[in-house]
Amino acid sequence: MPAPANPSIPERPLVRISHVSKYYGDFKALDDVSLDIHRGEVVAVIGASGSGKSTLCRTINRLETIQSGTIEIDGELLPEEGRELARLRAEVGMVFQSFNLFPHRTVLDNITLAPTRVRKVPKADAEDRALQLLERVGLADQAGKRPPQLSGGQQQRVAIARALAMDPKIMLFDEPTSALDPEMINEVLDVIKDLAAEGMTMLVVTHEMGFARSVADRVAFMDGGQIVELGAPAEFFAAPRTERARDFLSKVLSH
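Note that the structure is a prediction, hence the values are computed from the model and not measured. (Residues numbered from 1 in each chain as written. Predicted model: local features only at pLDDT ≥ 70, side-chain atom pairs only at ≥ 80, totals over all residues. Heavy atoms only, no water.)

So, about the overall build of the protein chain. A tally of helices and strands in the protein chain yields nine helices and ten strands. By the compact-globule yardstick of 18 Å for 255 residues, the protein chain fits well, its C-alpha radius of gyration being 19 Å. The dimensions of the protein chain, computed from C-alpha atoms along their principal axes, are 55 × 50 × 45 Å. Of all 255 residues assigned to the protein chain, the portion counted as buried reaches 49%. A fraction of 65% describes how many contacts in the protein chain between residues 6 or more apart in sequence connect residues 24 or more apart. As displayed, the protein chain offers around 12,400 Å² of accessible surface, 50% of which is attributable to carbon and sulfur atoms. Here the protein chain carries 30 positive and 36 negative side-chain charges, and the mean point of each set is 4 Å from the other. (Helix = DSSP H or I, 4+ residues; strand = E, 2+ residues; numbered from the N terminus. Rg over C-alpha atoms; globule rule 2.2 N^0.38 Å. Buried < 20%, exposed > 50% of the residue type's maximum accessible area, 1.4 Å probe, protein only. Contact = heavy atoms within 4.5 Å. Areas by Shrake-Rupley, 256 points an atom, 1.4 Å probe, with all protein chains shown as cover. Lys, Arg positive; Asp, Glu negative; His and termini not counted. Charge placed at Lys NZ, Arg CZ, Asp CG, Glu CD.)

So this is what it looks like as structure tokens:
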């Protein structure tokens, strides 16, 4: 029998971001950022535009390179390039602000492309899985359509299904609702809430404060390229510890 886990040894985080800095020329987009994300945890990243939220999200699968620090996914250092990076990147699902679907391909093709090409999943198996995922995001009847025939909310739900088709260890959402009309926002947030309830590990960059408050296990508030506060949503929203967080919340919660 395997030895029982030692409860005094904390579980290794699924993602470990350690002292990461990122520059664009002289501008410091990320300034010595450290963050652990644990299995099954939902971390919401909030803050004003330009605070570094999206940059942080995009460094986790090296869509943005970093100048210093390290990022580990499930104990493995994120390589800078090459086949090992592609392998590790396949473990990280990414949903962008602007869908990034192939407009000339069907919804089904968009979802099956990566599993068949990257993971070498047989086409029939990939299609079965894609149809299950479309059912899960409420789009079972849209498989044969092309993205331009769908609403923005539907396209974003296809993008979520496409990311899930790779069976990722973690899902990254970079402002997934900011390009949507208001009436479409909840249909996307509901899918993300369902994933949270199922135990998917997620980092969600968002300006939807109600979502951050109700779904996240922890909220990371960013300002000036730094994580200024990190804590439970109830505590953060009720009694932020820093002046910068109080100022931010007074602006976004008064509308």
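Next up on the list: the pattern of salt bridges. Scanning the entire structure with this criterion turns up 17 salt bridges. Linking Glu64 and Lys22 is a salt bridge whose minimum nitrogen-to-oxygen distance equals 3.7 Å. Placement of Glu64 in the loop between helix H1 (53–59) and strand S4 (68–73) and of Lys22 in strand S1 (residues 15–24) is noted, with a sequence separation of 42 residues between them. Among the residues examined, Glu64 registers a relative accessible area of 16% and is labelled buried. Residues joined by salt bridges that share partners form a network here, namely Arg12, Arg39, Asp74 and Lys169. (Salt bridge = Lys/Arg side-chain N within 4 Å of Asp/Glu carboxyl O.)

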